[in-house]
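Structure at a glance
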Amino acid sequence: MRDVLPPQSARARRLVDEFARVVEPAGYGELAVPLIEDVGVFSRLGEAGEGVSKEMYEFEDRGGRHVALRPEITAGICRSYAQHRPTPPWKVWSAGPNFRYERPQRGRFRQFDQVDLEVLGVDDPLLDVEVIALGWEFFARLGLRRVRLVVNSLGEPDDRARYVEALAAHLGDRADELAPETRQTLANNPLRVLDSKREQDQAAITAAPTIGDFYSDAAAGHFDQVRRGLDRLGIPYDVDAKLVRGLDYYRRTTFEYLAESLDSAQNAIGGGGRYDGLVEAVGGPPTPGIGLAIGVDRTLIACDDEGVFPLEPTALDAFVVDVTGGLEAAALTSELRAAGLAVDRGFDNRSMKAQMKLANRSGAAVAVIVGDDELAAGSVVVKPMYGDGEQATIPRTELISHLIDQPKVTT
Ligand code: AMP
């Protein structure tokens with residue numbers, strides 16, 4: 001696990017703020033769900049075999065409960081819906097860390113943040129369009145241009161079951177071509193084989209049957225509406241018949257946003273789809289759901305690679321240098337901050353020279369200097385740190401208006 005240091009940490013928070021600015025005006029309310037839940041909330045996700053469960057951090061708490069750190073946000077949201085029974089449609093968003101015991105690499109961490117959006121209680125394909133479009137808009141707002149949207153439909157559960165059977169038969173016939181790890185995946189969950197990036201598996205995968213041939217009329221109609229909706233909004237996408245989600249709960253629409261600037265192994269910056277049965281699995285009524293999860297860390301890497309959504313420079317209005325003991329700096333910073341100004345100061349009663357050095361490094365627009373003479377006279381010295389403005393002595397009472405009027409400096 002990593003530390004996220006300033007100023008990067010503030011950038012991650014700004015990204016979450018940006019997400020909120022996109023989704024809240026669309027009717028989504030923020031939901032906070034716990035980081036730790038009963039393991040059953042998550043382990044149900046993994047019943048299809050090679051699921052999320054094996055990546056979980058699980059443990060027994062002091063009360064002997066078997067709990068886990070959440071590996072994703074969706075399951076907790078479904079548990080929350082089952083528990084509180086809000087009136088559908090329930091449109092919520094959430095953000096925060098998830099934990100998966102994966103092998104760390106660039107863009108893949110054991111603790112990583114997501115922003116997440118879920119809607120429970122609506123089956124309409126045009127809701128799928130809304131969810132996909134909000135994710136698309138979010139990436140656009142960050143300034144990302146090289147994002148590719150891929151969509152697919154997994155059909156209805158029956159379609160999917162027939163497809164999995166045909167896929168397993170096809171891959172079974174060619175099992176001797178597959179990598180040993182892939183053969184294991186085939187035994188656990190044939191759909192997951194389609195995710196394989198191993199060179200050796202590609203011929204068998206390319207020749208495999210595709211889900212599109214197994215759609216019922218209802219599933220085909222739903223997918224058609226989704227595509228028509230995206231076309232209508234002018235959102236470009238590719239249909240990728242091999243885009244599947246390995247868990248049994250997914251049905252109909254699936255989608256992923258790929259950052260073309262990232263290397264191919266970890267280039268998914270977000271994804272989602274429709275699911276059924278999750279709410280029931282945690283004790284709620286049958287409820288259709290659709291959701292979207294975006295990886296914060298990976299999206300920021302994509303932003304770096306495209307040179308967009310830069311770090312915001314800190315803009316201090318003033319740095320207080322007090323060589324009279326520090327009490328005056330305490331009062332000044334407090335007053336200036338209360339007036340809405342961004343202000344820092346030196347501590348430890350250091351020398352004028354040492355404090356001026358700090359003022360310089362802070363990037364503040366001005367240094368506000370208090371020496372014994374100023375303290376006695378009720379004044380301060382304001383020294384611009386940039387440009388060729390003159391240093392001035394002004395009454396302390398005029399400091400706030402003086403600073404508010406000065407032009408903003410960013411460094
Ligand atoms: P998932 O919940 O697996 O569908 O993941 C949704 C998004 O979360 C992915 O598209 C990634 O951007 C991000 N993500 C998933 N796992 C990790 C991880 N281990 N480290 C960083 N980001 C991740």
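One can find the structure itself at the top, above this paragraph.
Residues numbered from 1 in each chain as written. Predicted model: local features only at pLDDT ≥ 70, side-chain atom pairs only at ≥ 80, totals over all residues. Heavy atoms only, no water.

Some remarks on a positive patch on the surface
Together, Arg350, Lys353, Lys357 and Arg361 make up a region of like positive charge exposed at the surface. For Lys353, the location among the structural elements is in helix α13 (residues 352–362). (Patch = residues over 30% accessible without salt bridge, like charges linked within 9 Å, V, L, I, M, F, W, Y side chains within 5 Å. Areas by Shrake-Rupley, 256 points an atom, 1.4 Å probe, with all protein chains shown as cover. Salt bridge = Lys/Arg side-chain N within 4 Å of Asp/Glu carboxyl O. Lys, Arg positive; Asp, Glu negative; His and termini not counted. Charge placed at Lys NZ, Arg CZ, Asp CG, Glu CD. Helix = DSSP H or I, 4+ residues; strand = E, 2+ residues; numbered from the N terminus.)

What to know about unusual backbone geometry
Between Pro6 and the following residue, Pro7, the backbone shows a cis peptide bond with an omega angle of 5 degrees. Residue position: Pro7 is located in the segment before α1 (8–23). Of the consecutive residues Pro88 and Pro89, the connecting peptide bond is found in the cis state with omega at -5 degrees. Mapped onto the elements of the fold, Pro89 is located in the loop between α3 (74–84) and β5 (90–99). Located in the positive-phi region is Arg252, a residue other than glycine, with phi close to 50 degrees. With respect to the helices and strands, the residue Arg252 is situated in strand β9 (residues 250–259). A positive phi is found at Asp348, a non-glycine position, where the angle reads about 65 degrees. For Asp348, the location among the structural elements is in the loop between β13 (343–345) and α13. Owing to a relative accessible area of 70%, Asp348 belongs among the exposed residues under this scheme. (Buried < 20%, exposed > 50% of the residue type's maximum accessible area, 1.4 Å probe, protein only.)

Quick word on the sheet that holds strand β14 (residues 366–370)
Across the sheet, five strands lie side by side as β13-β12-β14-β15-β16; this open sheet has mixed pairing. Looking at which strands have only one partner, the edges of the open sheet turn out to be β13 and β16 (392–395). Strand-to-strand twist across the sheet, computed as the mean angle between neighbouring axes with direction ignored, equals 30 degrees. Alignment of strand β12 (residues 318–322) against β13, held across three bridges, turns out to be parallel. In the sheet register, Val320 faces β13, and the bridge partner there is Arg345. Packing of helix α12 (residues 327–338) onto the sheet brings it into contact with β12, β13, β14 and β15 (379–384), and relative to β13 it is tilted by some 170 degrees. (Pairing = 2+ DSSP bridges. Axes fitted to C-alpha atoms, helices over the stretch in contact; angles between N-to-C directions. Contact = heavy atoms within 4.5 Å.)

Looking at the pairing of strand β11 (residues 289–295)
It is a general feature of regular strands that their side chains alternate between the two faces of the sheet. Counting buried residues along β11, seven of its seven residues qualify, which places the element largely inside the surrounding structure. Burial along β11 is two-sided: the face carrying Gly289, Gly291, Ala293 and Gly295 and the face carrying Ile290, Leu292 and Ile294 are both buried.

A word on the packing of aromatic side chains
Counted under the stated rule, the structure contains 10 aromatic pairs. Look at Phe255 and Tyr257: their rings are 5.9 Å apart centre to centre, the planes differ by 80 degrees, and that puts the pair in the edge-to-face class. The exposure classification of Phe255 matches that of Tyr257, with both residues buried. Through successive ring pairs, a cluster of aromatic residues spans Phe19, Trp93, Phe138, Phe139, Phe255 and Tyr257. Geometry around Phe109 places Arg2 over its ring, the cationic atom sitting 3.6 Å from the centre. Above the face of the Tyr101 ring, Arg110 is positioned so that its terminal group lies 4.0 Å from the ring centre. (Phe/Tyr/Trp six-rings, centres within 6.5 Å; stacked < 30°, edge-to-face > 60°. Lys NZ or Arg CZ within 6 Å of the ring centre and 35° of its normal.)

As for the site of the ligand
Near the ligand lie 14 residues; those nearest to it are Arg100, Glu102, Phe109, Gln114 and Ala268. Between the ligand and the protein, one listed contact pairs an oxygen atom with a backbone N or O atom of Ile269 at 3.2 Å. At a separation of 3.2 Å, an oxygen atom of the ligand approaches a polar backbone atom of Gly270. For the ligand, the protein covers 87% of the area, taking 480 Å² as the surface of the free molecule. Secondary-structure elements contributing two or more residues to the shell around the ligand are β6 (111–120), β10 (268–275) and β11. Here the element with the most residues in the shell around the ligand is β10; it accounts for three residues. Residue composition of the shell around the ligand, grouped by class: five nonpolar, four polar and five charged. (Near = heavy atom within 4 Å. Polar contact = N/O pair within 3.5 Å; in protein donor to acceptor, adjacent residues only side chain to side chain. Nonpolar A, V, L, I, M, F, W, Y, C, P; charged D, E, K, R; others polar.)

Considerations on the pattern of salt bridges
Scanning all chains against the criterion turns up 25 salt bridges. Asp304 is the partner of Arg11 in a salt bridge, and the nearest nitrogen-oxygen pair spans 3.0 Å. Taken as a pair, Arg11 in helix α1 and Asp304 in helix α11 (residues 296–306) lie far apart in primary sequence, 293 residues in all. Relative accessible area serves as the criterion here: at 2%, Arg11 is assigned to the buried category. We note a salt bridge from Glu328 to Arg396, for which the minimum N-O separation is 2.6 Å. Separated by 68 residues along the polypeptide, Glu328 in helix α12 and Arg396 in the loop between β16 and α15 (399–405) bring together distant segments of the chain.

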